[in-house]
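# An overview of the molecular structure
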Amino acid sequence: MKTQVAIIGGGPSGLLLAQLLHRRGIDSVVLERKTKDYVLGRIRAGVLEQGLVQLMQEAGCADRLHAEGLVHDGTLISYGDTMFRIDFTEHTGTPVIVYGQTEVTRDLYAAREQAGGATEFNVDNVVIRGADTDACHVTYTVHGQARRIDCDFVAGCDGFHGVSRQTIPLDVRCEYEKVYPFGWLGILSETPPVNHELIYANSPRGFALCSMRNDNLSRYYIQCSLSDKPDDWTDEAFWQELKRRIPADQAARLVTGPSIEKSIAPLRSFVTEPMRWGRLFLCGDAAHIVPPTGAKGLNTAASDVHYLYNGLRDFYENGSSAGIDSYSQKALARVWKAERFSWWFSSLMHRYPDQSEFDLKMQVADLEFLRTNMAAQKAMAENYIGLPY
Ligand code: FAS
Ligand code: PHB
């Protein structure tokens, strides 16, 4: 088989890139390790920056997003029983959209199928070969059958545990990592959200987040120990702990119910440089990871896709390699700002085992400054709604 761009990974990065390229007549093949249902079953991000919304529009996939997505003009932040609001639209003129990553991925798969795009599921043993030569190709197996795709370029959109990043030689790659001493226990429940906006809560018992997917589907998280397993937490224990971490008036109005999904995500900050090696380009979680506190994971994958899509378009339509040659530097410039914001917001909102009494005083002073200073709120809002591409 031959294609212009071989895309490893059928998550949001790979699918969005494939759809954007298709709309410009650039051919791609998507190779996905799992099944479509498995990919859609993963409950992940919930908040979309305008940049991702615009890319979905450019991809022709934004109808349902606009019909069902929830426009959020701000968010609530609480510490103890103090709660204040950051008004994104007042500070930046821009809201965010609450629309689950599962739905983004579902819309992109529907578009891929409608376009008749080639997607191979259940692929194994993916190996990217000759990325640093003019004979770039990918070999893999499907149900034990050996396959090969000859391609101009490879987009490594296969997430943190994929093969793409590992293809770049160790003496070329430079990796930066911070592992957080806690995880997020998340549940999905068919209950009305406790508030129409998100609540990020810093409490002496740890972080909590109240989010949602729609008027009767809520998403809640609590900071938990890395040694916890989802089965260690009954629904009742989760609800009781969540109530202890959010302001009393919110806890009093919390509607509880059975969890329909329960999972624990470890938190890390991670970046690999460069994001390009020859004909291989890394996109999304394959290149970087953020703690989900700032809702930057999916949204930073989107800006990578934006840079790579426009670079490949420039190459095929104008014969210029300027865009693909500057991809890594452009993408990383924005990645590091997302890493900083996610690290800062995580430091502000979580309890760390090694925090001293002084550290806790600094955290409260930081929160007080954010609550009372409009310049601080504007800076927070600009990062949260998404820095420019
Ligand atoms: P993905 O990991 O989504 O997709 C990669 C795809 O590649 C997967 O479908 C995988 O099956 C496939 N793949 C892997 N190896 C392969 C191989 N060798 N061959 C072929 N295919 C292969 N972000 C937020 O903004 N908010 C959140 O609340 C949030 N929660 C998260 C919770 C968890 C548990 C995780 C892991 C991430 C979370 N994220 C969150 C970040 C998440 O949304 C990612 O940023 C987003 O999925 C990035 O999309 P992709 O880059 O497409 O990577
Ligand atoms: C979610 O709704 O899953 C969500 C929202 C905001 C975050 C993280 C997760 O910062």
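The rules behind the values
Residues numbered from 1 in each chain as written. Chains lettered and ligands numbered in written order. Predicted model: local features only at pLDDT ≥ 70, side-chain atom pairs only at ≥ 80, totals over all residues. Heavy atoms only, no water. Near = heavy atom within 4 Å. Polar contact = N/O pair within 3.5 Å; in protein donor to acceptor, adjacent residues only side chain to side chain. Areas by Shrake-Rupley, 256 points an atom, 1.4 Å probe, with all protein chains shown as cover. Helix = DSSP H or I, 4+ residues; strand = E, 2+ residues; numbered from the N terminus. Nonpolar A, V, L, I, M, F, W, Y, C, P; charged D, E, K, R; others polar. Axes fitted to C-alpha atoms, helices over the stretch in contact; angles between N-to-C directions. Parallel < 35°, antiparallel > 145°, perpendicular 65-115°, else oblique. Left-handed = near helix turned anticlockwise from the far one by under 90°. Contact = heavy atoms within 4.5 Å. Pairing = 2+ DSSP bridges. Salt bridge = Lys/Arg side-chain N within 4 Å of Asp/Glu carboxyl O. Buried < 20%, exposed > 50% of the residue type's maximum accessible area, 1.4 Å probe, protein only. Domains from an automatic or database assignment. Expected span 1.5 Å × (residues − 1). Arc of directions from axis to C-beta. Buried area = accessible area lost by both parts, 1.4 Å probe.

### So, the site of ligand 1
Neighbouring ligand 1 are 30 residues; Ser13, Glu32, Arg42, Arg44 and Gln101 lie closest to it. Between ligand 1 and the protein, one listed contact pairs an oxygen atom with a side-chain N or O atom of Glu32 at 2.7 Å. Note that an oxygen atom of ligand 1 is positioned 2.8 Å from one of the side-chain N or O atoms of Arg44. Here ligand 1 loses 87% of its free accessible area of 990 Å² to cover by the protein chains. Only helix H1 (12–23), strand E9 (123–129) and helix H10 (297–318) provide two or more residues apiece to the shell around ligand 1. In the shell around ligand 1, the residues fall into 14 nonpolar, eight polar and eight charged.

### Description of the packing of helix H3 (residues 50–58) against H10
Helix-helix packing is characterised by the crossing angle of the two axes and by the distance between the axes. One can describe the packing of H3 onto H10 by two numbers: an axis separation of 9 Å at closest approach and a directional angle of 45°. As summarised for this structure, H3 and H10 are arranged oblique, according to the angle between their axes. Read as a crossing pair, H3 and H10 show a hand that is left-handed. From H3, Leu52, Leu55 and Glu58 reach across to H10, where they touch Leu298, Asn299, Ala302, His306, Tyr309 and Arg313. A per-class count over the contact of H3 with H10 returns five nonpolar, two polar and two charged.

### Re the sheet that holds strand E6 (residues 82–87)
Taken in spatial order, the eight strands make up an open sheet running E6-E5-E13-E14-E15-E12-E16-E19, and their pairing is mixed. For this open sheet the edge positions go to E6 and strand E19 (288–289), each flanked by a neighbour on one side alone. Two elements, strand E16 (residues 259–273) and E19, share two bridges in a ladder whose sense is antiparallel. Paired with Phe270 across the two strands is Ile289, which belongs to E19.

### A closer look at the pattern of salt bridges
In the structure shown here, the tally under the stated rule is 26 salt bridges. A salt bridge links Glu103 to Arg106, with the shortest nitrogen-to-oxygen separation between them at 2.9 Å. Here Arg106 and Glu103 lie together in helix H6 (residues 101–115), a separation of three residues that amounts to about one turn. Residue class for Arg106 comes out partly exposed when judged on its relative accessible area of 37%. Notably, a salt bridge pairs Glu120 with Arg147, separated by 2.9 Å at the nearest N-O pair.

### Digging into the site of ligand 2
The full set close to ligand 2 counts 14 residues, and Tyr200, Ser211, Arg213, Tyr221 and Pro292 are the nearest of them. Measuring from an oxygen atom of ligand 2, one finds a side-chain N or O atom of Ser211 at 2.6 Å. Interatomic distance of 2.6 Å between a side-chain N/O atom of Tyr221 and an oxygen atom of ligand 2. Protein contacts shield 98% of the accessible area of ligand 2, which totals 280 Å² for the unbound molecule. For the shell around ligand 2, the element with the highest residue contribution is strand E14 (residues 206–214), accounting for three residues. Partitioning the shell around ligand 2 into residue classes produces eight nonpolar, three polar and three charged. When we break the shell around ligand 2 down by domain, the ones giving at least three residues each are domain 1 (2–72 + 96–177 + 267–346) and domain 2 (180–266 + 350–385).

### Topic: helix H13 (residues 357–372)
An α-helix turns once per 3.6 residues; consequently, residues spaced three or four apart project the same way. Between its first and last C-alpha, H13 extends 23 Å over 16 residues, near the 22 Å set by a 1.5 Å rise per residue. Along H13, the positions that sit buried rather than exposed are Gln363, Leu367 and Leu370. Taken down its axis, H13 places every buried residue within 60° of arc, on the same side. Exposed and facing more than 90 degrees away from the buried side of H13 are Glu357, Phe358 and Lys361. Residues of H13 that are buried in the fold lie against strand E5 (74–79), E6, strand E13 (199–203), helix H12 (327–349) and helix H14 (374–385).

### Here's the deal with the domain arrangement of the protein chain
Here the domain parsing of the protein chain yields domain 1 (2–72 + 96–177 + 267–346) and domain 2 (180–266 + 350–385). Domain 1 puts 28 residues into the contact, and the matching count from domain 2 is 26 residues. Carbon and sulfur atoms supply 63% of the area buried between domain 1 and domain 2, which totals about 2200 Å² over both sides. For domain 1, the biggest contributors to the area lost against domain 2 are Ile43, His72 and Leu267; these three give 30% of the whole.

### Some details on the environment of Ser269
Relative to the elements of secondary structure, Ser269 occurs in strand E16. Residue Ser269 is classed as buried on the basis of its relative accessible area, which comes to 9%. When the C-alpha positions of Ser269 and Phe315 are compared, they lie 32 Å apart, and in sequence the two are 46 residues distant. Of the polar contacts made by the side chain of Ser269, one reaches the side chain of Tyr180; its length is 2.7 Å.

### Notes on H3
Burial in H3 covers these residues: Gln50, Gly51, Leu52, Val53, Leu55 and Met56. Phi turns positive, to about 75°, at Gly60, one or two residues after H3.

### Some remarks on unusual backbone geometry
Of note, the bond from Glu273 into Pro274 is cis; its omega dihedral lies within 30 degrees of zero at -5°. In this fold, Pro274 is placed in the loop between E16 and strand E17 (276–277). The phi angle at His143 is positive, at roughly 50°, despite the residue not being glycine. For His143, the location among the structural elements is in the loop between strand E10 (137–142) and strand E11 (145–156). Look at His143 and you get exposed, because its relative accessible area is 68%. The phi dihedral of Ala295 falls on the positive side, at around 55°, and the residue is not glycine. Note that Ala295 resides in the loop between E19 and H10. We classify Ala295 as buried; its relative accessible area is 18%.

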